[in-house]
Amino acid sequence: MTPLTWLYVPGDRPQVVTKALVAGADVVVIDLEDAVAPERKEYARAATADLLTATHPVPVHVRMNALDTPWASADLAALRGLRGLSGLRLPKVTGPSEVRRVAAAVPFPLYALLESALAVEHAYAIAGAHPSLRGISLGEADLRADLGVRADSGLDWPRSRVIVAARAAGLPPPAQTVHPDIRDLDGLAASCAHGRALGFLGRAAIHPRQLPVIERAYLPTPAELDHAETILKAATTTPGAQALPDGRFIDAAVVAMAHRTLSLAQRR
């Protein structure tokens, strides 16, 4: 199934993690980094390790602490053998060597978070760093601070850069970063529509109420499904480039996009 929702939960609140596992997210991400205070890191790591001794009904990822922090080595040691862990998210990656270092230490699929100008400049090198890397995405709060960007539109270039880098490296489209206001569902929907137009697929969330908004925004609309079915029917009847009765031109690229649309609608 193509994930569209990635729900982040603080690692030092195991009771919240348990609720998140049945909240409807496609992937639950236990956060050992930003959501956990330094004095709670050890407890969060132990609680996460205890939870992940078993498998769960949805994939569970962990966002470890950045490699240049005092907690990273302990994170890797604690997580290395856990059968309930489906992926490891690496924050503040700046180059491919960091991905390769973690890939040599753990057997899990890896996901790199690009959160600085340097990381964006190295986006393609990071995306192709190792076969264990299954995705890249932006950490926009840190990137915004690094660049001094105030207007949201100021991040559209790095967003596109990361989307293109992922595609060039053969990775899935990145998911959008979190929308930090859990009450602003209209703003979330508008932001998702913009992200979808740029080429993102799905989004990280920090509260279960955000999940249905994200899913609605990224699933094909009835009009898009009708359009895709019309294209595929025409392509089956008359192979090659052609114009539909309403004047719309279709070719192999348009047909491929129609297949992607229908496949996403059938993801469950």
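Look up a bit, the structure's there.
Throughout what follows, the structure given in this document is the object of discussion. Computed from a predicted model, the values in this text were never measured in an experiment.

**Topic: the pairing of strand β1 (residues 5-10)**
Item 1. Extensive coverage of β1 is indicated by the burial of six of its six residues.
Item 2. Alternating positions in β1 separate into two faces, Thr5, Leu7 and Val9 on one and Trp6, Tyr8 and Pro10 on the other, with burial throughout.
Item 3. As defined by bridge partners, β1 adjoins strand β7 (residues 203-205) across three bridges and the pair is classed as parallel. From the neighbouring strand, Thr5 faces β7, where its bridge partner is Arg203.
Item 4. Regarding the hand of the β-α-β motif, the stretch spanning β1, helix α1 (residues 14-20) and strand β2 (residues 27-31) is right-handed.

**Notes on the packing of helix α11 (residues 222-237) against helix α12 (residues 252-265)**
Item 1. Where α11 meets α12, the axes come as close as 9 Å, and the angle between the chain directions of the two elements is 130°. By the angle between their axes, α11 is oblique relative to α12. Between α11 and α12 the crossing geometry is left-handed. Here Glu224, Leu225, Ala228, Glu229, Ile231, Leu232 and Ala235 of α11 come into contact with α12, specifically with Val254, Val255, Ala258, His259, Thr261, Leu262 and Ala265.

**Quick word on helix α3 (residues 72-79)**
Item 1. Among the residues of α3, Ala72, Asp75, Leu76 and Leu79 are the ones counted as buried. Taken down its axis, α3 places every buried residue within 95° of arc, on the same side.
Item 2. Here the buried face of α3 lies against α2 (41-51), β3 (60-63), β4 (87-90) and α4 (96-105).

**Brief notes about the layout of surface pockets**
Item 1. In this structure, the largest pocket occupies an estimated 1000 Å³ of space.
Item 2. Of all the secondary-structure elements, those providing two or more residues to the lining of the largest pocket are β5 (110-114), β6 (133-138), α8 (156-168), α11 and α12.
Item 3. With seven residues, α12 is the single largest residue contributor to the lining of the largest pocket.
Item 4. Class assignment of the residues belonging to the lining of the largest pocket gives a composition of 22 nonpolar, seven polar and six charged.
Item 5. The computed volume of the second largest pocket comes to approximately 630 Å³.
Item 6. Lining the second largest pocket are 33 residues, and of these Gly139, Glu140, Ala141, Thr177 and Val178 lie nearest its centre.
Item 7. Going through the elements one at a time, β1, β6, α7 (140-147), α9 (185-198) and β7 are the ones with two or more residues in the lining of the second largest pocket.
Item 8. Considering only residue class, the lining of the second largest pocket consists of 14 nonpolar, eight polar and 11 charged.

Scoring rules and cut-offs
- Residues numbered from 1 in each chain as written.
- Predicted model: local features only at pLDDT ≥ 70, side-chain atom pairs only at ≥ 80, totals over all residues.
- Heavy atoms only, no water.
- Buried < 20%, exposed > 50% of the residue type's maximum accessible area, 1.4 Å probe, protein only.
- Helix = DSSP H or I, 4+ residues; strand = E, 2+ residues; numbered from the N terminus.
- Pairing = 2+ DSSP bridges.
- Right-handed = clockwise from strand over helix to strand, strands pointing away.
- Axes fitted to C-alpha atoms, helices over the stretch in contact; angles between N-to-C directions.
- Parallel < 35°, antiparallel > 145°, perpendicular 65-115°, else oblique.
- Left-handed = near helix turned anticlockwise from the far one by under 90°.
- Contact = heavy atoms within 4.5 Å.
- Arc of directions from axis to C-beta.
- 1 Å grid on protein atoms, 1.4 Å probe; cavity = no way out; pocket = protein on both sides within 12 Å on 5 of 7 lines; lining within 4 Å.
- Points joined across faces, edges and corners; volume = space filled by probe spheres on them.
- Nonpolar A, V, L, I, M, F, W, Y, C, P; charged D, E, K, R; others polar.

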